[in-house]
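# Secondary and tertiary structure notes
If you want the building blocks of each chain, they are given just below.
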Amino acid sequence: MITGKQRSYLKSIANNIDPIFQLGKNGLTENFVKQVDGALEAREIVKVNVLKNCALDPKDVASGLADELSAEFVQSIGRKFVIYRESVENKKIELP
């Protein structure tokens, strides 16, 4: 569990990155989850864009994905959300 101060710090980092994944009409597939898992290990923080043709709610998707990947939900703005998970091998972000 991350604190409010840590969440604010992660939001400031997420503000400067572009979404690296787009979630479309196929929804959360097993392949999509595996790709996000790999990106979290490599980058620690991932921003995802939920396309308009996706029937799923971005906040629900973010919460479900974070639970499935043992990650932390950072924020959701519009149709984009950010999740964070500390990397085991490639630690880059030092939380306050």
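Residues numbered from 1 in each chain as written. Predicted model: local features only at pLDDT ≥ 70, side-chain atom pairs only at ≥ 80, totals over all residues. Heavy atoms only, no water.

Attention now goes to the sheet that holds strand 1 (residues 21-23). Overall, mixed pairing links the 4 strands, which are arranged 1-2-4-3 in an open sheet. Looking at strand neighbours, the two that pair on one side only are strand 1 and strand 3 (72-77), the edges of this open sheet. With direction set aside, neighbouring strand axes in the sheet form an average angle of 25°. As paired strands, strand 1 and strand 2 (residues 45-50) are joined by 3 bridges and run parallel to one another. In the sheet register, Gln22 faces strand 2, and the bridge partner there is Asn49. Here helix 1 (residues 4-14) sits on the sheet and contacts strand 2, strand 3 and strand 4 (80-84); the angle it forms with strand 3, its principal contact strand, is near 55°. This element, helix 3 (residues 58-68), spans strand 1, strand 2, strand 3 and strand 4 of the sheet and lies at about 15° to strand 4. (Pairing = 2+ DSSP bridges. Helix = DSSP H or I, 4+ residues; strand = E, 2+ residues; numbered from the N terminus. Axes fitted to C-alpha atoms, helices over the stretch in contact; angles between N-to-C directions. Contact = heavy atoms within 4.5 Å.)

A few words now on the nonpolar core. Judged by nonpolar contacts, the single largest core of 19 residues is most densely connected at Val36, Leu65, Phe81 and Ile83. Broken down by secondary-structure element, the contributors of at least two residues to this core are strand 1, helix 2 (30-43), strand 2, helix 3 and strand 4. Among the elements that line this core, the one with the most residues is helix 2, at 5 residues. Excluding anything up to four places from it in sequence, Ile83 contacts Val36, Leu40, Glu44, Ile45, Val46, Ala62, Leu65, Ala66, Glu72, Phe73 and Val74. Counting residues in hydrophobic clusters, the runner-up holds 8 residues, among them Ile45, Val74, Tyr84 and Ile93. (Core = buried A, V, L, I, M, F, W, Y, C linked by side-chain atoms within 4.5 Å. Buried < 20%, exposed > 50% of the residue type's maximum accessible area, 1.4 Å probe, protein only.)

Interpretation in functional terms is not warranted from these geometric data alone.
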